[in-house]
Amino acid sequence: MIRTVESPPPASAPVLAAYSYCEAVTGQQARNFAYGIRLLPTPKRRAMSALYAFSRRVDDIGDGALAADVKVARLEDTRALLDRVRAGKVEEDDTDPVAVALSHAASAFPIPLGGLDELIDGVLMDVRGETYETWDDLKAYCRCVAGAIGRLSLGVFGTERGARGSERAAEYADTLGLALQLTNILRDVREDAEGGRTYLPADDLAKFGCSAGFDGPTPPEGSDFTGLVHFEVRRARALFAEGYRLLPLLDRRSGACVAAMAGIYRRLLDRIERDPEAVLRGRVSLPGREKAYVAVRGLSGLDTRHVSRRSPARQAARRRT
């Protein structure tokens, strides 16, 4: 069970400047993430921005054009910085605003910083060019780069006092991260292929005749690309259904944040399902007005109430009456 501290310590001027930097990074680079965290109260929004800015730094190293050995060295440097944060050795006047903001956030909220080590481990898998034979193999990678982010975020959100099932909150947060990552993988299948990366399990690719890869705007000849996409969509939907059980365990604004971010990705999944080959022609995205609608829906609590009505405990209670 994770509960957020009731009142985070006040932030000094240098810390506020560091948070402002992280919020600027988040606003510029996190199109979908930013819609959700706008719904949070200021201390949580700042802490989430610090987590995003650090994670963005790790991802940018992995996605950059540097040689593999240089990437590994920079990732290990980033891990050393994380060790300094963990040890409380980052001063407020440090020249690295991300480290300053993350250090303050970690003092204000019970953030499991080991999740950022997992993220670094996952990006190292990318640097090594690992591929995945089975869903279990890919799931281990997704837990590093996305499930860990869910668990880190839960450290900021906390759980509602007395919420039934809160002992499973970290599990649900992890699973929701997997759902978002699998959606990302489907959306970016062409872009990743052009970068020399294949994430979908080799077993699935072979099953649907797609082992040749995705190096053009049309599926491999003779393949059942639509069948492959629909298969992965069903897997993602099952993950979303399990991960959404987190929502009733959160306070209203944290639940709204999660519902907004997850809702955007679920709508992306709907678009991909309707037109699977669209992911080969370009990046599938949602217009701003639709993202705004999802954010408003999250703030209204509709998704949380829907999940609560479908919870196993409530269904069992209905069967007993």
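For every chain, the first residue of the written sequence is number 1, and numbering continues from 1 onward in sequence order. Local features in this predicted model are restricted to residues whose pLDDT is 70 or higher, and side-chain atom pairs enter the listing and the counts only when it is 80 or higher, whereas totals over whole chains, interfaces and linings include all residues. Excluding hydrogens and water, the side-chain figures rest on all heavy atoms present in the structure.

A. Structural view of the overall build of the protein. By definition, any uninterrupted DSSP run of H or I lasting at least four residues is a helix, any uninterrupted run of E lasting at least two residues is a strand, and each is numbered from the N terminus. A count of helices and strands for the protein gives 16 helices and zero strands. Taking all 321 residues of the protein together, 51% fall into the buried category. In this analysis, two residues are considered to be in contact whenever any of their non-hydrogen atoms come within 4.5 Å of each other. For the protein, the share of sequence-separated contacts (at least 6 apart) that also reach a separation of at least 24 residues comes to 74%. In short, Shrake-Rupley with a 1.4 Å probe defines the accessible areas, and a residue's cover is counted only from the protein chains shown. Working note: accessible area of the protein is about 14,800 Å², and carbon and sulfur atoms make up 50% of it. Burial classes follow relative accessibility: with a 1.4 Å probe on protein chains only, a residue under 20% of its type's maximum area counts as buried, one over 50% as exposed, and anything between as partly exposed.

B. Structural detail: the packing of aromatic side chains. Between rings of Phe, Tyr and Trp, where Trp is taken as its six-membered ring, a pair exists when centres lie within 6.5 Å; planes separated by under 30 degrees are stacked, by over 60 edge-to-face, and by other angles tilted. For the structure on display, the rule yields six aromatic pairs. For the ring pair Y141 and Y199, a centre distance of 5.3 Å and an interplane angle of 25° mean the geometry is stacked. Of this pair, Y141 sits in helix α7 (residues 135-157) while Y199 sits in the loop between α9 (189-194) and α10 (202-207), and the two are 58 residues apart along the sequence. Between F214 and F225, the aromatic rings sit 5.4 Å apart at their centres with planes inclined by 65°, giving edge-to-face as the arrangement. In this pair, F214 is assigned in the loop between α10 and α11 (225-243) and F225 in helix α11, connecting sequence segments eleven residues apart. The buried category is assigned to F225, whose relative accessible area is 3%. An aromatic cluster of three or more residues is present, and its members are Y132, Y141 and Y199.

C. Representation of helix α12 (residues 252-274). With 23 residues, α12 ought to run about 33 Å at 1.5 Å a step, and its terminal C-alpha atoms sit 32 Å apart, in line with that. Sitting at the amino-terminal end of α12 is D251, which places a side-chain oxygen 3.1 Å from the backbone nitrogen of R253. Expected helix span is given by 1.5 Å per residue-to-residue step, counting one fewer step than there are residues. N or O atoms closer than or at 3.5 Å make up a polar contact, with two conditions inside protein: a donor-capable atom paired with an acceptor-capable one, and, for residues adjacent in sequence, both atoms drawn from side chains.

D. Fine view of helix α5 (residues 97-108). The terminal C-alpha atoms of α5, which comprises twelve residues, lie 17 Å apart, in line with the 16 Å expected from a rise of 1.5 Å per residue. Taking burial as the measure, the twelve residues of α5 include nine buried ones, the bulk of the element. Listed as buried for α5 are V98, A99, V100, A101, L102, S103, H104, A105 and A108. Its buried side turned inward, α5 meets α1 (13-29), α3 (42-63), α4 (68-86) and α6 (114-127). The residue sitting at the N-terminus of α5 and contributing the capping side-chain oxygen is D96; that oxygen lies 3.0 Å from the backbone nitrogen of V98.

E. Region of interest: the packing of α3 against α7. Where α3 contacts α7, the two axes come as close as 9 Å, and the packing angle between them is 155°. It follows from the interaxial angle that α3 and α7 lie roughly antiparallel. Judged by the sense of rotation from one axis to the other, the crossing of α3 with α7 is right-handed. Contacts between α3 and α7 involve K44, A47, M48, L51 and S55 from the former and I149, L152, S153, V156 and F157 from the latter. Axis lines are fitted through C-alpha atoms, for helices just across the contact stretch, and the angle between N-to-C directions can take any value from 0 to 180 degrees. Reported orientations rely on four angle classes, namely roughly parallel under 35 degrees, roughly antiparallel over 145, roughly perpendicular from 65 to 115, and oblique for the rest. For a crossing to be left-handed, the near helix must be turned anticlockwise from the far one by less than a right angle; the clockwise case is right-handed.

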